[in-house]
Amino acid sequence: MQKIVKFTDDKYICPQKAIRKFRSAKKLCTPLYLYGVTGIGKTSLVMHNLNMKCCSYYSASETSADQIKIKEQSAEYTVVLDDLQNLTDTTERENYFEVIRKLLSLNNVWLILIARCPFPRWLLPLRTKYIFAEIEESDFLFSLDEQITYLEQYDIHLTREEHQKAWNLGGGNALSLLFFVMEKGNLELTQRRQWDYLETHVYDQWDLELQEFFMDISIVETFTVRLASMLTGRSDVEKLIFRAEEVGNFFDIRGTDGIWKCRWPMRKSMQQRLRRKRSIEQINHLYYTAGLYYELEEKPLEALSMYEKYNDMESISRLLISNARKNPSSGHFYELRKYYLKLPEELISGSPVLMAGISLLQSMLMNIEESNRWYHQLEKFAEEHSGSMKKEALSRLLYLKISLPHTGTANMIDLLKNADLLIHNKKVVLPELSVTSNLPSMMNGGKDFCEWSKRDTELALTIGKSVEFVLEKYGKGLVYLALAESYLEKGKDIFEIFSKAEKGRMDAERGGCWNRFL
C-alpha cells in the first residue's frame, strides 16, 4: 500500500555527486535507479528532494504488486518503489516486473527504483527498452569536507587527521557517521555498532542458507567457486553467489578472473557472527579445509596462514617437509622462512628433510654458522640411524654438499665422482636439484663454475658422464649446453657454439628436465 514518509532530520546533507544525478534525472523525467548498502542514504536522498504531495512511496517488503495502483497523470507525478532486493519469490518478481513496465509507459509519471544491489537481472529486459539513470553506492559517500560539515552540526570538532581516521572507517557512509556521533567519536565502538546493525537489520532478514554461506567464506579474503564449494560443502555455490548479489552490494570483487571478494565491513561482521554461532571445532575445520584447498592449488603461503590460525602444527610441519623436498627454484624456501624458522628444534631434529631444508635456508640467508650447525646435526643423525632413515640422511647430505651456496666449488670434482659411486651402489638417491638455481647461466648459476671454463673440454670428457648420471634427468644435455656457454664466452667459432647448444637442447628434450636450468 502507499506509504507517506516524512523526515524531520534538519541535519541532513545531500552528497553532491548523488544530488547532481538526481536533479538531472528529475529534469528530464528519466527513470532513476538508486542502489547501495543499507543505511547509505538512498531513501533519504529521494524523500528530502521530492514534493510528497505529488509522490507515492511503496516498499516492496511491505507491499504486494497488486496493491500498487497508479493511473495516467495530467501533471508530473513521482512513484518510488523501495526495497526491491527483498523480492526473492519468482512469482512476486514477475508481478512487480509487470507493474514497473506499466509505470514506465505512463505519461507524466517519474519512476524511482531503490535497492541495495546493482541493477537486478530480473529487470534487465526493461533496461534494454528504457534508459535508466543510476545513482550508485559511491555517489552517496560523503567527501571528507562533507563529513566535517555533517559532524560539526553535532558539535563534534576534530583535527583533519582525526577526521581522516573516521572517514577511513566508514568510507563516507552516512550511517557509519551517525554511529560515530552516537558513540561520541569513539572509533572502536562505532565499528562494533556498525557490525551489530548489519547483523540485526540485514543478515537476520536473509534465509539461513545465505547466512551460513557468508559465515563459511568469511575466513578467507578472496574465494573462487571451488574454494567456496569446499568450505560450504555445497555444489550450488554459483546459485548462492547470484542470490547474494541480488540482496545487496556486498562484493568488492565480483567474479573478476573467477575471484570473489567480500567487502571488509561485511567480512569482519560475518567473522564476528561466525564466532558466536559456531563451535571452535567447526571453525577450525573451516580453516583446515581452506588450507587443504590452498595446498592443492600449490599456494603454500596461504595454506600455512590457514593452519596457523588454529595452531595446526601437524599440518604445518607436513607442508614444510613437503616443500623442503623440492629444490629452491621450485620450492618456496625464502617465502616460507618465517614458518621454517619458527619450527621447534626437536621437530626439525627428527626429520632429515627438515634439517637439510633449514641448513639450505640459513645458507641462503647468509647465516653460515647456523647452516653448518644443522649440516653437522644431519651428519650425526646419519651416524645414529640405519635403514631408510640413514639413506635419507645421506642423500640429503650429498645434496647439501653439492648445492649449499656458501660452500663454493672446492673439491666439487671429487665430490661428483664420489656421488657417482654412491648412486651406482644405491646407497643414496639425489633429491630434485636445480643446476643453475633458475639463473640464466650454466657457468655462474647457483655456484660459480667460471674457473672450470679453462679446462672445459677436458672436464667434459673426464666427468661429463658422471655429472649427467648424478643429476639424472636434470643433467640431460647439461654438458653440451655448458660447453656452448663456455665457448661463447671465449669467442670460439659460432658454428661450434650452435652445434653444442643444439645437441644439448635435443638431449634435454628427449629425457631431461631442462626447464629447471634454462
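See the structure above.
Here's what I pulled together on the structure shown here. Numbering of residues starts from 1 in every chain and runs along the sequence as written. With pLDDT at 70 or above as the cut-off, local features in this predicted model cover only qualifying residues; side-chain atom pairs require 80 or more to be listed or tallied, and sums for whole chains, interfaces and linings still use all residues. No hydrogens and no water enter the side-chain calculation; it runs on all heavy atoms of the structure.

## A short note on the packing of aromatic side chains
Definition in use: Pairing of aromatic side chains here covers Phe, Tyr and the six-membered ring of Trp, requires ring centres within 6.5 Å, and sorts the geometry by plane angle: under 30 degrees stacked, over 60 edge-to-face, intermediate tilted. A run of DSSP states H or I qualifies as a helix once it reaches four residues; a run of E qualifies as a strand once it reaches two. Both are numbered from the N-terminal end. Type-normalised accessible area, obtained with a 1.4 Å probe on protein chains alone, sets the label of each residue: buried when under 20%, exposed when over 50%, and partly exposed for intermediate values. In this analysis the charged atom, NZ for Lys or CZ for Arg, is taken to sit over a ring once it is within 6 Å of the ring centre and within 35 degrees of the ring normal.
Under the defined criterion, the tally for this structure stands at 19 aromatic pairs. Note on Phe-22 and Trp-110: the rings are 5.4 Å apart at their centroids and 65° apart in plane angle, and the pair reads as edge-to-face. Of this pair, Phe-22 sits in helix α1 (residues 16-28) while Trp-110 sits in strand β4 (residues 109-115); the two residues are 88 residues apart in sequence, bridging distant segments of the chain. Residue Trp-110 is classed as buried on the basis of its relative accessible area, which comes to 0%. By way of ring pairs, the aromatic residues Tyr-203, Trp-206, Phe-213, Phe-214, Phe-223, Phe-250, Phe-251 and Trp-260 are connected into one cluster. Between the NZ or CZ atom of Arg-127 and the centre of the ring of Phe-119, over which it lies, the distance is 4.7 Å. Above the plane of the ring of Tyr-334 lies Arg-337, whose end atom (NZ or CZ) is 3.9 Å from the centre.

## A short note on the sheet that holds strand β8 (residues 259-262)
For clarity, the cut-off: Paired strands are those between which DSSP finds at least two bridges. We call two residues in contact when some of their heavy atoms are within 4.5 Å. Lines fitted to C-alpha atoms define the axes here, with helix axes fitted over just the stretch in contact, and angles between the N-to-C directions of these axes take values from 0 to 180 degrees.
Spatial ordering of the open sheet is given by β6-β8-β7, a layout of three strands whose pairing is antiparallel. Looking at strand neighbours, the two that pair on one side only are β6 (222-223) and β7 (251-256), the edges of this open sheet. The sheet strands contacting helix α12 (residues 237-247) are β6, β7 and β8, and the helix crosses β7 at an angle near 140°.

## Focus: α1
For clarity, the cut-off: Working rule for helices: expected span equals 1.5 Å times residues minus one. Arc, as used here, means the arc of the directions from the helix axis to the C-beta atoms.
Here α1 contains 13 residues, and its C-alpha end-to-end distance of 19 Å stays within 8% of the 18 Å for a straight helix at 1.5 Å per residue. Every buried residue of α1 is accounted for by Ala-18, Ile-19, Phe-22 and Ala-25. An end-on view of α1 places all buried positions within 130° of arc, on one side of the element. Exposed side chains of α1 directed beyond 90 degrees from the buried face belong to Arg-20, Arg-23, Lys-27 and Leu-28. Contacts from the buried residues of α1 go to β1 (32-35), α2 (42-47), β4, β5 (133-135) and α5 (137-140). Backbone geometry just after α1 places Cys-29 at a positive phi near 55°.

## Topic: the side chain of Gln-271
For Gln-271, the location among the structural elements is in helix α13 (residues 264-277). Leave out the neighbours within four places in its chain, and Gln-271 touches Ser-218 and Ile-219.

## Side note on the pairing of β4
Walk down a regular strand and you will see the side chains alternate between the two sheet faces. Rule in force here: Throughout, right-handed denotes a crossover for which the path from the first strand over the helix to the second runs clockwise when the strands point away from the viewer.
Here β4 lies mainly inside the structure; seven of its seven residues are buried. Of the two faces of β4, the one holding Val-109, Leu-111, Leu-113 and Ala-115 and the one holding Trp-110, Ile-112 and Ile-114 are both buried throughout. In this sheet, β4 lies alongside β1 in parallel orientation, the contact comprising four bridges. Across the sheet, the residue bridging to Tyr-35 is Ala-115, located in β4. Bridge count for strand β3 (residues 77-82) against β4 is five bridges, and the pairing is parallel. Pairing of Thr-78 across the sheet is with Trp-110, part of β4. In the classification by handedness, the crossover that spans β3, the intervening helix α3 (residues 90-105) and the parallel β4 is right-handed.

## Considering the packing of helix α10 (residues 208-217) against α12
Rule in force here: What sets the label is the angle itself: under 35 degrees gives roughly parallel, over 145 gives roughly antiparallel, 65 to 115 gives roughly perpendicular, and the rest give oblique. Ten residue types, Ala, Val, Leu, Ile, Met, Phe, Trp, Tyr, Cys and Pro, are classed as nonpolar, four, Asp, Glu, Lys and Arg, as charged, and the remainder, Gly among them, as polar.
Where α10 contacts α12, the axes come no closer than 10 Å and their chain directions differ by 100°. In terms of orientation, α10 and α12 fall into the roughly perpendicular class. The residues of α12 that touch α10, namely those facing Glu-209, Leu-210, Phe-213 and Phe-214, are Val-237, Leu-240, Ile-241, Arg-243, Ala-244 and Val-247. In terms of residue class, the contact of α10 with α12 is made up of eight nonpolar, no polar and two charged.

## Here's the deal with the sheet that holds β5
The strands that make up a sheet are held in pairs by hydrogen bonds between backbone atoms, and each pair lies either parallel or antiparallel. Spatial ordering of the open sheet is given by β2-β3-β4-β1-β5, a layout of five strands whose pairing is parallel. One side of each edge strand has no neighbouring strand; the edge strands of this open sheet are β2 (55-59) and β5. Within this sheet the neighbouring strands show an average axis-to-axis angle of 15°, counted without direction. Across the face of the sheet, α1 comes into contact with β1, β4 and β5 while running at roughly 160° to β5. Sheet strands in contact with α3 are β2, β3 and β4, and its direction is about 145° off that of β4.

## Comments concerning the pattern of salt bridges
If the charged atoms of two oppositely charged side chains come close together, the side chains can form a pair. The line we're drawing: Any Lys or Arg side-chain nitrogen found within 4 Å of a carboxyl oxygen on Asp or Glu counts as a salt bridge.
Evaluation of the coordinates by the stated rule reveals 26 salt bridges. Between Glu-134 and Arg-127 there is a salt bridge whose closest N-O contact spans 2.5 Å. Arg-127 gets classed as partly exposed once you look at its relative accessible area, which sits at 38%. For Arg-325, the salt bridge is made with Glu-392, and the minimal N-O distance between the two is 3.6 Å. Taken together, the positions of Arg-325 in the loop between α16 (313-324) and α17 (337-342) and Glu-392 in helix α21 (residues 387-403) put the pair 67 residues apart, joining distant regions of the chain. A relative accessible area of 24% means that Glu-392 is categorised as partly exposed.

## Considering the nonpolar core
For the record, the criterion: In this text, buried Ala, Val, Leu, Ile, Met, Phe, Trp, Tyr and Cys residues form a nonpolar core when linked through side-chain atoms within 4.5 Å.
Ranked by size, the top nonpolar core spans 65 residues in total, and within it Trp-206, Phe-213, Phe-214, Val-220, Phe-223, Leu-320 and Tyr-340 carry the most contacts. Not counting residues within four places of it along the chain, the set of residues in contact with Trp-206 comprises Gln-211, Phe-214, Val-247, Phe-250, Met-266 and Met-270.

## As for the environment of Glu-183
As a reminder of what qualifies: Polar contact is the term for a pair of N or O atoms within 3.5 Å; when the atoms are in protein, one must be able to donate a hydrogen and the other to accept it, and sequence-neighboring residues count only if both atoms are side-chain atoms.
Assignment of secondary structure puts Glu-183 in the loop between α8 (174-182) and α9 (187-201). Judged by relative accessible area, Glu-183 falls into the buried class, the value being 18%. Sequence separation of Glu-183 and Arg-193 is ten residues, and the distance between their C-alpha atoms is 8.7 Å. Apart from residues no more than four positions distant in its own chain, Glu-183 is found in contact with Leu-189, Thr-190 and Arg-193. One polar contact links Glu-183 to Arg-193, side chain to side chain, over a distance of 2.6 Å.

## A closer look at the environment of Gln-16
Structurally, Gln-16 is set in helix α1. Overall, the relative accessible area of 41% leaves Gln-16 in the partly exposed class. It is 7.9 Å that separates the C-alpha atoms of Gln-16 and Asp-139, two residues lying 123 residues apart in sequence.

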